[in-house]
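One-letter residues, chain by chain:
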Amino acid sequence: TEGHSRTGTIFRGLVNHLVEYCLERDHDLLLISGTVRQAKLYEHLGFTPFGPLVGSGEALYQPMYLTLDAFLRNEKVFPALRAAVRKRRGEALNFLPGPVAVSEPVRAAFARPPVSHRSPQFAETVRTVQRRLCELAGAKSVQIMMGTGSLANDAVAAQLSLLDQPGLIVVNGAFGERLVDHALRFGLRFDTAERPWGQRIDRDVLERALDAAPETRWLWAVHGETSTGVLNDLEMLKSIAAARDLRLCIDAVSSLGSVPLNLEGAWLASSVSGKGLGSFSGLALVFHQDELAAQPGRLPRYLDIGFYAESHGVPFTMSSNLLDALHTAVEQFEGARHFRRLERLASELRRGLEELRLPIVADPPSFPAIVTIQLPAGTSSTAFGEQLERTGHHLHYRSEYLRSRNWIQICLMGVCTPEMVEELLFVLRGATEG
Ligand SMILES: *Cc1c(COP(=O)(O)O)cnc(C)c1O
C-alpha cells in the first residue's frame, strides 16, 4: 500500500543518514535490535540476523548487523553516499571506452595458469569462442589475433590490397579518418565519402560518391563511430554494397557487444575483445564471409588472415589467459537482455545530461554505448575530466581529438549498472554547478 511504501522511503532515508554518520566516524558495522514486524525490510536493506530474539510479548526484536558492503549492494542507496564511500576507499568507476570495467568471472578466467597454444584443450577453446563470436555477429568465420583493433584494421587493409581495385571509405569521425590512414599505409586506391563529425552517413551522399566513381569495388566504413557516439546505418551500407556488388568492410570494433550486429553481407569486419564484449584488451578479431587462402608471397605473416584460417585459428603463440577471459565474456554475454539494459542506461544518462544542459554531440538515433558531450567554452574538458577523476569517476578526455574540440566522453561498455549511472549524474550535477 501507499502508506507502506512511504514508511519504506522514510526508513531508507534514515538508514542512509545513519550509514553516513557511521562512515564519518570510521565505523564499519551497524548493530540493531530490529522489530520482527519489519524483518523483511531490514533484510532487504542488507541487514543479517544473528542470535536469538530479545524482548517479550508484543515487543520482540531480532539482533541484526549491517556491513557497509552489504548496504552498498542495495540499489536504494543514495548516490551521494555511494560517491562518499568510493572517495574514502579510493575506488574508481570506469566510464572509459577501453579498458572497460571487467567482471569478476572474466578476471578469474584471465588469472588461471597459462596453457600451451598447441594443446588440444586450447584448440577446443578457440573453436568454441569462434563459434560463439560468429553467433553474436551473424558472421560465417572469425580469426582471433593477438593485438588491438588497429591490428584488425591493418589485416582488413591487407586483404583489400590483394584486390588491387579502387574503393570508397566513409569518414564521419576520428575512426573513419583512421581507416583512411590504414588504407594509405597499404597503398590502397580510394575516394572518401564524408559527413561532418556527429552526423550519420546518409544514403544520398554515398550514392553520389559511388555514381561519381563507378569503378569502385569495395566500401569500408565504421559502424559505431566511437569518437562521436554516432551509429552508422549498417543495413543501408549492406544494401548499397549488395546492389552495386561491392565488397563491404566494417569496423565493428566498438559496436560488437554494444548493439545487435548482423554482419551477413559484409565481406570483412574488425572487432576486439576489450570493448563491447567486456573482456581485456589484447585480442583482435577479423570476421570473414569467404574462405580466405594464405598469401605467403604477398602479405606479412602476422597480418595474413588466410594463414590464420589455414592454421585452424592458431598460427603462432596466443595467450591462453586472454583467450580464457574472452571465452568467459562471450559465454556470460546475455545478448538481447544486455542490449535492452544498455538502451535503458543510455536513455537514463541522456535524460540526466539534458537536465544538466550538457549538449550531446551525436545526432539521434545514436549509439547507446557512447555519449560524447560538448562542454561550454568556459569549461575545459581536461580540467573537468581531472576534477571528476579526483572523486573516482573516470571519463574519457585524453585523446587529442577530444581535447581539441573540448569534448568529454562517457562510455557504458563493460560492467555498467543503473547505480553507476545515477552516481555519475549526481557528481556531474555537482561539477556543473561549480
Ligand atoms: C577502439 C577503436 C579502434 C581501434 O583502436 P585500438 O586502440 O587499436 O584498439 C578502431 N575503431 C573503432 C571504432 C574503435 O572504437
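Parameters and conventions
Residues numbered from 1 in each chain as written. Predicted model: local features only at pLDDT ≥ 70, side-chain atom pairs only at ≥ 80, totals over all residues. Heavy atoms only, no water. 1 Å grid on protein atoms, 1.4 Å probe; cavity = no way out; pocket = protein on both sides within 12 Å on 5 of 7 lines; lining within 4 Å. Points joined across faces, edges and corners; volume = space filled by probe spheres on them. Helix = DSSP H or I, 4+ residues; strand = E, 2+ residues; numbered from the N terminus. Nonpolar A, V, L, I, M, F, W, Y, C, P; charged D, E, K, R; others polar. Buried < 20%, exposed > 50% of the residue type's maximum accessible area, 1.4 Å probe, protein only. Pairing = 2+ DSSP bridges. Right-handed = clockwise from strand over helix to strand, strands pointing away. Phe/Tyr/Trp six-rings, centres within 6.5 Å; stacked < 30°, edge-to-face > 60°. Lys NZ or Arg CZ within 6 Å of the ring centre and 35° of its normal. Axes fitted to C-alpha atoms, helices over the stretch in contact; angles between N-to-C directions. Parallel < 35°, antiparallel > 145°, perpendicular 65-115°, else oblique. Contact = heavy atoms within 4.5 Å. Near = heavy atom within 4 Å. Polar contact = N/O pair within 3.5 Å; in protein donor to acceptor, adjacent residues only side chain to side chain. Areas by Shrake-Rupley, 256 points an atom, 1.4 Å probe, with all protein chains shown as cover. Sits in = over half its atoms within 2 Å of the grid points. Salt bridge = Lys/Arg side-chain N within 4 Å of Asp/Glu carboxyl O.

**Student:** Residues and numbers for the layout of surface pockets, please.
**Tutor:** Here the idea is plain: a probe the size of a water molecule rolls over the atoms and shows the empty space left. Counted as a void, the largest pocket has a volume near 620 Å³. Looking at the largest pocket, it is lined by 21 residues, and the ones nearest its centre are R86, E91, A92, L93 and M420. Counting residues per element, the ones that place at least two in the lining of the largest pocket are α3 (68-72), α4 (79-89), β5 (93-94), α5 (104-110) and α16 (418-432). Residue contributions to the lining of the largest pocket peak at 4 residues, all from α4. Residue composition of the lining of the largest pocket, grouped by class: 8 nonpolar, 3 polar and 10 charged. Its boundaries defined by the atoms lining it, the second largest pocket holds a volume of some 420 Å³. Lining the second largest pocket are 26 residues, with G149, F175, R178, V253 and K275 sitting closest to its centre. Counting residues per element, the lining of the second largest pocket draws most heavily on helix α8 (residues 174-185), which supplies 4 residues. Tallied by class, residues from the lining of the second largest pocket come to 8 nonpolar, 15 polar and 3 charged.

**Student:** Go over the pairing of strand β7 (residues 167-171) with me, naming the residues and quoting the values.
**Tutor:** Looking along a regular strand, one sees the side chains alternate between the two faces of the sheet. By the criterion of burial, β7 is predominantly enclosed, with 5 of the 5 residues buried. Alternating positions in β7 separate into two faces, G167, I169 and V171 on one and L168 and V170 on the other, with burial throughout. With 5 bridges joining them, β7 and strand β8 (residues 190-194) adopt parallel strand pairing. Counterpart to I169 in the pairing with β8 is T192. Regarding topology, α8 serves as the crossover connection from β7 to the parallel β8, and that connection is right-handed. As defined by bridge partners, β7 adjoins strand β9 (residues 218-222) across 3 bridges and the pair is classed as parallel. Counted as the bridge partner of L168 is L219 from β9.

**Student:** Break down the packing of aromatic side chains for me, with residues and values.
**Tutor:** Evaluation of the coordinates by the stated rule reveals 10 aromatic pairs. Considering the side-chain rings of F110 and F280, the 4.6 Å spacing of their centres and the 40° angle between planes classify their relative orientation as tilted. On the criterion of sequence distance, the pair formed by F110 in helix α5 and F280 in the loop between β13 (268-272) and β14 (283-288) is long-range, its members being 170 residues apart. Arranged with centres 5.5 Å apart and planes meeting at 85°, the rings of Y308 and F316 form a pair that is edge-to-face. Judged by its relative accessible area of 1%, Y308 falls in the buried class. Following the ring pairs from residue to residue traces out a cluster consisting of F175, W197, Y401 and W407. Here R247 stacks its cationic end above the ring of W267, 4.7 Å away from the centre of that ring. Of note, R405 hangs over the ring of W407, and the distance from its end group to the ring centre comes to 5.5 Å.

**Student:** Help me get a handle on the packing of α4 against α16, residues and values and all.
**Tutor:** Direction vectors running N to C along α4 and α16 enclose 90°, while the axes themselves pass 9 Å from each other. With respect to each other, α4 and α16 are oriented roughly perpendicular. Across the interface between the two elements, P79, A80, R82, A83 and R86 of α4 pack against E419, E422, E423, F426 and V427 of α16.

**Student:** Residue-level account of the sheet that holds strand β12 (residues 247-251), with values.
**Tutor:** The strand order across the open sheet formed by 7 strands is β6-β14-β13-β12-β9-β7-β8, and the pairing between neighbours is mixed. The sheet is open, and its two edges are formed by β6 (141-146) and β8, each paired on a single side. Taking each pair of neighbouring strands and ignoring which way they run, the sheet shows an average axis angle of 20°. On top of the sheet, helix α7 (residues 149-163) reaches β6, β9, β12, β13 and β14; it is set at about 165° to β13, its chief contact.

**Student:** Talk me through the site of the ligand; I want residue IDs and the actual numbers.
**Tutor:** In the vicinity of the ligand, 13 residues are found, and the nearest of them are T148, S150, T226, D251 and K275. Between the ligand and R178 there is a distance of 3.4 Å, counted from an oxygen atom to a side-chain nitrogen or oxygen. Starting from 380 Å² of accessible surface for the ligand in isolation, the protein chains cover 84%. When atoms are counted within 2 Å of each cavity's grid points, the one that captures over half of the ligand is the second largest pocket. For the shell around the ligand, the leading source of residues is α7, giving 3 residues. Here the residues of the shell around the ligand sort into 3 nonpolar, 7 polar and 3 charged.

**Student:** Give me the pairing of β12: which residues, what numbers.
**Tutor:** The element β12 is extensively covered by neighbouring structure, given that 4 of its 5 residues are classed as buried. Across 5 bridges, the pairing between β9 and β12 is parallel. Looking at β12, one finds that W218 is bridged to R247. Relative to β13, β12 runs parallel, the two being bridged by 3 bridges. Within the sheet, the bridge partner assigned to I250 lies in β13 and is A269.

**Student:** Can you tell me about the pattern of salt bridges, naming the residues and giving the values?
**Tutor:** Side-chain pairing between opposite charges can occur once the charged atoms of the two side chains come close. Across all of its chains, the model carries 22 salt bridges by this definition. Between E423 and R86 there is a salt bridge, with the nearest N and O atoms lying 2.7 Å from each other. Of the two residues, E423 is situated in helix α16 and R86 in helix α4; the sequence distance between them amounts to 337 residues. Take R86: its relative accessible area is 12%, and that puts it in the buried class. The salt bridge involving R337 is made with E334; its shortest N-O contact spans 3.4 Å. On the basis of relative accessibility, which here comes to 37%, the residue E334 falls in the partly exposed class. One salt-bridge network, held together by shared partners, links R203, E207, D211 and R244.

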